[in-house]
Amino acid sequence: MEQMRERVIVALDAPGRDQALRLVEAIGDHGVFYKVGLELYIAAGDAVLADLRAAGKKVFLDLKLFDIPNTVRGAAGCVAGKGAALATVHALGGAAMMRAAREGADAAGGQTRLLGVTILTSLDEETLRSELHIQRSIPFLVPDLALRARAAGLDGVVASGLELPLLRERLGDEFLIVTPGIRPAGGDVADQKRVLTPRQAFERGASYIVVGRPITGAPDPRAAFLDIVEQAGG
Ligand code: C5P
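Just so we're clear, the structure is a prediction, and the values are computed from it rather than from any experiment. (Residues numbered from 1 in each chain as written. Predicted model: local features only at pLDDT ≥ 70, side-chain atom pairs only at ≥ 80, totals over all residues. Heavy atoms only, no water.)

We now examine the packing of helix α6 (residues 138-151) against helix α7 (residues 164-171). As a packed pair, α6 and α7 sit with axes 10 Å apart at the nearest point and diverge in direction by 40°. One finds that α6 runs oblique with respect to α7. Read as a crossing pair, α6 and α7 show a hand that is right-handed. Residues Pro 139, Val 142, Pro 143, Ala 146, Leu 147 and Arg 150 of α6 lie in contact with α7, whose contacting residues are Leu 166, Leu 167, Arg 170 and Leu 171. Per-class residue counts for the contact of α6 with α7 are eight nonpolar, no polar and two charged. (Axes fitted to C-alpha atoms, helices over the stretch in contact; angles between N-to-C directions. Helix = DSSP H or I, 4+ residues; strand = E, 2+ residues; numbered from the N terminus. Parallel < 35°, antiparallel > 145°, perpendicular 65-115°, else oblique. Left-handed = near helix turned anticlockwise from the far one by under 90°. Contact = heavy atoms within 4.5 Å. Nonpolar A, V, L, I, M, F, W, Y, C, P; charged D, E, K, R; others polar.)

So, on to the packing of helix α3 (residues 69-81) against helix α4 (residues 95-107). Running from amino to carboxyl end, α3 crosses α4 at an angle of 35°, the nearest separation of the two axes being 7 Å. The handedness of the crossing between α3 and α4 comes out as right-handed. Where α3 approaches α4, its residues Pro 69, Val 72, Arg 73, Ala 76, Gly 77 and Ala 80 are matched on the opposing element by Ala 96, Met 97, Ala 100, Ala 101, Glu 103, Gly 104 and Ala 105. Here the residues of the contact of α3 with α4 are counted per class, giving nine nonpolar, two polar and two charged.

Before going further, it helps to spend a moment on the packing of aromatic side chains. Summed over the entire model, instances satisfying the criterion amount to one aromatic pair. For the ring pair Phe 33 and Tyr 208, a centre distance of 5.5 Å and an interplane angle of 80° mean the geometry is edge-to-face. One end of the pair, Phe 33, is in strand β2 (residues 33-37); the other, Tyr 208, is in strand β8 (residues 208-211), and 175 residues separate them in sequence. Neither Phe 33 nor Tyr 208 differs from the other in exposure class; each is buried. When the ring centre of Phe 60 is taken as origin, the NZ or CZ atom of Lys 35, which lies over that ring, is 6.0 Å away. (Phe/Tyr/Trp six-rings, centres within 6.5 Å; stacked < 30°, edge-to-face > 60°. Buried < 20%, exposed > 50% of the residue type's maximum accessible area, 1.4 Å probe, protein only. Lys NZ or Arg CZ within 6 Å of the ring centre and 35° of its normal.)

With respect to topology, eight strands assemble into a closed barrel ordered β1-β2-β3-β4-β5-β6-β7-β8, the strand pairing being parallel. Each strand axis lies, on average, 25° off the axis of its neighbour in the sheet, ignoring direction. Where strand β1 (residues 8-11) meets β8, three bridges bridge the pair, whose relative direction is parallel. The residue bridging Val 10 from the neighbouring strand is Val 211, located in β8. (Pairing = 2+ DSSP bridges.)

So, on to the pattern of salt bridges. Side-chain pairs of opposite charge can arise whenever the charged atoms involved come near each other. Under the criterion given, the structure shown has 10 salt bridges. One salt bridge connects Lys 82 with Asp 46, and the closest N-O pair in it is separated by 3.0 Å. Separated by 36 residues along the polypeptide, Lys 82 in the loop between α3 and β4 (86-90) and Asp 46 in helix α2 (residues 38-54) bring together distant segments of the chain. Of the charged contacts in the structure, one is a salt bridge between Arg 102 and Asp 155, with a shortest N-O distance of 2.7 Å. With Arg 102 in helix α4 and Asp 155 in the loop between α6 and β6 (156-158), the pair connects residues that are 53 residues apart, well separated along the chain. Asp 155 gets classed as partly exposed once you look at its relative accessible area, which sits at 24%. Each member of the salt-bridge network shares a partner with another, and the members are Lys 35, Asp 62 and Lys 64. (Salt bridge = Lys/Arg side-chain N within 4 Å of Asp/Glu carboxyl O.)

Burial along strand β7 (residues 176-179) is two-sided: Leu 176 and Val 178 and Ile 177 and Thr 179, pointing in opposite directions, are all buried. Of the strand pairs in this sheet, β6 and β7 are connected by three bridges, and their pairing is parallel. Each bridged residue has a counterpart across the sheet, and for Val 158 the counterpart in β7 is Val 178. The parallel pair β6 and β7 is bridged by α7, and the resulting crossover is right-handed. Summarising the sheet, β7 and β8 pair through two bridges and their orientation is parallel. Residue Thr 179 lies in a different strand from β8, and its bridge partner there is Ile 209. (Right-handed = clockwise from strand over helix to strand, strands pointing away.)

Listed below in structure tokens is the structure:
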């Protein structure tokens, strides 16, 4: 089993390479795993990936691919070719698209584990019904999409703390569950509505947690990172 500090993924939600690098340097040797999302990837993607590789870090490339299967096959191959340890695709793109992502990543070689994004936590049931004409409840949709992601060959899902226990129960121990929306005990929740502490997330079955602002916005990111690792029990 990985050490706890390898299971705390720091979200590098920075607008550019310099800010991102400063954070990685501030956390230093303790930090192992970093998430690069759309903003940073579009701003400075390949340079940041090269920096992280040079520093010996693991990368979660969170680009949430969603397109026709042929396009996603190619894009997932490129993501795998960049050496990402974790990457995301939207489960709502359908089973054929998720299978194509798997094929593309596998064909590129490497060890990229693919995660499905089920329902964005920014969408509530009212929005799903009125704008997207999806009538089912979120507690139905999330495990259903996670099971479809697994059947299509994905390695796991991104899921909020609220859904963790149900997903773990339905999907067994091997499937990865990566959980954002983490706040240290006693911390500021900012705009996250459904937050868990690091300890709660791991107790409820998270494989990894993703933490952004409690670390990246802290006066001392290294101390904040180490505090979260300690709170998580590691
Ligand atoms: O700063 P904070 O800890 O809230 O950042 C959490 C990270 O996880 C951000 O990169 C955010 O985009 C991502 N995320 C999330 N909630 C989701 C999915 C992803 O907060 N449902």
